[in-house]
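Geometric and topological summary
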Amino acid sequence: MAYTRAELGASLPLLTSGKVRELYEVDSKTLLFVASDRISAYDVIMKNGVPQKGQVLTLMTAFWFDYLQKQIPDLRTHFLGLNVPESVPVQAKVQLRNRSMLVRRLKIFPIEAIVRGYITGSAWSTYQKTGEVNGKKMPEGLQESQEFPEPIYTPSTKAELGQHDENISTEHAAEIVGQKYATRIEQLSLKIYSVAKEYARQQGIIIADTKFEFGLDQETEEVVLVDEVLTPDSSRFWSRQTYALGQSQDSFDKQYLRDWLTANGLKGKGGVEMSEEVVKNTSAKYAEAFEILTGKSIEAATQ
Ligand code: ATP
Ligand code: MG
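Residues numbered from 1 in each chain as written. Chains lettered and ligands numbered in written order. Predicted model: local features only at pLDDT ≥ 70, side-chain atom pairs only at ≥ 80, totals over all residues. Heavy atoms only, no water.

Glancing now at the packing of helix 4 (residues 170-177) against helix 5 (residues 179-203). How two helices pack is summed up by the angle between their axes together with the distance between the axes. Their axes nearest at 7 Å, the elements helix 4 and helix 5 cross at an angle of 125°. Classified by the interaxial angle, the pair formed by helix 4 and helix 5 is oblique. Along this stretch, helix 4 crosses helix 5, giving a crossing that reads as right-handed. Of the residues in helix 5, those in contact with Thr-170, Ala-173, Ala-174 and Val-177 of helix 4 are Gln-179, Tyr-181, Ala-182, Ile-185 and Glu-186. Within the contact of helix 4 with helix 5, the residues separate by chemical class into six nonpolar, two polar and one charged. (Axes fitted to C-alpha atoms, helices over the stretch in contact; angles between N-to-C directions. Helix = DSSP H or I, 4+ residues; strand = E, 2+ residues; numbered from the N terminus. Parallel < 35°, antiparallel > 145°, perpendicular 65-115°, else oblique. Left-handed = near helix turned anticlockwise from the far one by under 90°. Contact = heavy atoms within 4.5 Å. Nonpolar A, V, L, I, M, F, W, Y, C, P; charged D, E, K, R; others polar.)

Rendered as structure tokens:
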């Protein structure tokens, strides 16, 4: 059964519920960050969920935090642990196992730090019209899905639920968060992406682009990596085996779902119930991405 929401009762106050996650308050400095099995495609959430997706997102994020911290010693993250607080009722504890993490509660910078290593999606559309990506001139003659000579940082606004994020220039990002923090966010984003991209490439996955979020530790003024990181939900993962230049690539995880929605005239409609087959295949894809990246099956990791 796919997980929708744990019955925490009055044990922890619910702060927010996003498209995929719930955030509970543990104390003034700590949050419980819970990944449900909900899935969205074309910006709408499906009625039913994808079993194990929440565990995959949580454990993959924990894997990356650990890996990144070893590679980038001055990186700070919001991760505190995978344990569930004592105050949570027993049934909810069982449901939350491997899908929640304790994190430091931080003031989140209201920008999305996007890094693109390959030209695709909205960047490809803009480049075809203007030769630019996010206001910057790009080399001529790039083909669809081609790797950029250097990864590029293209920040966007962080839209409220139901709204779309808007691309902004790095100058505009600096106006929003302040020059000092904007520079640090850009530098960290590019560093994290290049470390992760290289690791994933060796395992057989191309991380075409990804989105990070950062928060501020107000005591030390450090910029801290928060949210989920380098998951199929926050990134475009392509298979190295099927990658081909000059065309769009199948996304690693959601292609079945998107194709099925389109074929059935359901693209962009709310409250759609996915067929059993779509659920099964999507769940398998998330599990496959997990195993390729971490070297461990999700079954073994959730034992
Ligand atoms: P999407 O990921 O599809 O854009 P979303 O971001 O609205 O949707 P979720 O991913 O479901 O929603 O919820 C996660 C929310 O938690 C985000 O708004 C994120 O900024 C916030 N968040 C992440 N880490 C922290 C943290 N350490 N402290 C406070 N808020 C956090
Ligand atoms: Mg999110």
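Structure's up, so let's keep going.
With that out of the way, let us pick up the site of ligand 1. Close to ligand 1 lie 17 residues, the nearest being Lys-19, Arg-21, His-78, Arg-104 and Glu-213. Contacts to ligand 1 include Lys-19, whose backbone N or O atom sits 3.3 Å from an oxygen atom. Separating a nitrogen atom of ligand 1 from a backbone N or O atom of Leu-106 is a distance of 3.4 Å. Contact with the protein chains covers 81% of the free accessible surface of ligand 1, which is 630 Å². (Near = heavy atom within 4 Å. Polar contact = N/O pair within 3.5 Å; in protein donor to acceptor, adjacent residues only side chain to side chain. Areas by Shrake-Rupley, 256 points an atom, 1.4 Å probe, with all protein chains shown as cover.)

For the rest of this paragraph, the subject is the domain arrangement of the chain. By domain assignment, the chain separates into domain 1 (5-105) and domain 2 (108-253). Taken residue by residue, the interface counts 23 residues in domain 1 and 25 residues in domain 2. The contact between domain 1 and domain 2 buries some 2,000 Å² in all, and 66% of this surface belongs to carbon and sulfur atoms. On the domain 1 side of the contact with domain 2, Trp-64, Ile-72 and Arg-76 bury the most area, a combined 26% of that side's loss. The interface formed by domain 1 and domain 2 includes six salt bridges. Glu-228 is the salt-bridge partner of Arg-21, the closest N and O atoms lying 3.2 Å from each other. There are nine residue pairs in polar contact (both at pLDDT 80 or more) connecting domain 1 and domain 2. Among the elements that take part in the side of domain 1 that touches domain 2, helix 1 (residues 53-71) stands out by supplying 10 residues, more than any other. (Domains from an automatic or database assignment. Buried area = accessible area lost by both parts, 1.4 Å probe. Salt bridge = Lys/Arg side-chain N within 4 Å of Asp/Glu carboxyl O.)

For helix 7 (residues 276-294), which comprises 19 residues, the first-to-last C-alpha distance of 27 Å matches the rise-based estimate of 27 Å (1.5 Å per residue) to within 8%. Among the structural elements, helix 1, helix 5, strand 14 (205-217), strand 16 (235-239), helix 6 (255-263) and helix 8 (298-301) are those in contact with the buried residues of helix 7. Residue Gly-295 follows helix 7 closely and has a positive phi angle near 80°. (Expected span 1.5 Å × (residues − 1).)

Before going further, it helps to spend a moment on empty space enclosed by the protein. A full pass over the atoms with the stated rule returns one cavity of 30 Å³ or more. Arg-21, Phe-33, Ala-35, Leu-57, Thr-58, Thr-61, Arg-99, Met-101 and Glu-228 are the residues that line the largest cavity. Looking at the lining of the largest cavity, the elements that each hand over two or more residues are strand 3 (30-35) and helix 1. Taken together, the residues that form the lining of the largest cavity break down as four nonpolar, two polar and three charged. (1 Å grid on protein atoms, 1.4 Å probe; cavity = no way out; pocket = protein on both sides within 12 Å on 5 of 7 lines; lining within 4 Å. Points joined across faces, edges and corners; volume = space filled by probe spheres on them.)

For the pair helix 1 and helix 5, interaxial distance at closest approach is 11 Å and the crossing angle is 110°. Taken together, the axes of helix 1 and helix 5 are roughly perpendicular relative to one another. As helix 1 runs across helix 5, the sense of the crossing is right-handed. For the pair helix 1 and helix 5, the contacting residues are Phe-63, Trp-64, Tyr-67, Leu-68 and Gln-71 in the first and Ile-192, Val-195, Ala-196 and Tyr-199 in the second. Each residue belonging to the contact of helix 1 with helix 5 can be placed in one class, and the counts come to eight nonpolar, one polar and no charged.

Turning our attention to the side chain of Thr-77. Position of Thr-77 among the secondary structure elements: in the loop between helix 1 and strand 6 (79-81). For Thr-77, the residues in contact, after removing those within four places along its chain, are Phe-65, Gln-69, Arg-104, Val-224 and Leu-225.

A few words on the environment of Tyr-256. Along the chain, Tyr-256 falls in helix 6. With 152 residues separating them in the primary sequence, Tyr-256 and Arg-104 have C-alpha atoms 36 Å apart. Setting aside its immediate chain neighbours within four residues, Tyr-256 contacts Asn-281, Thr-282 and Lys-285.

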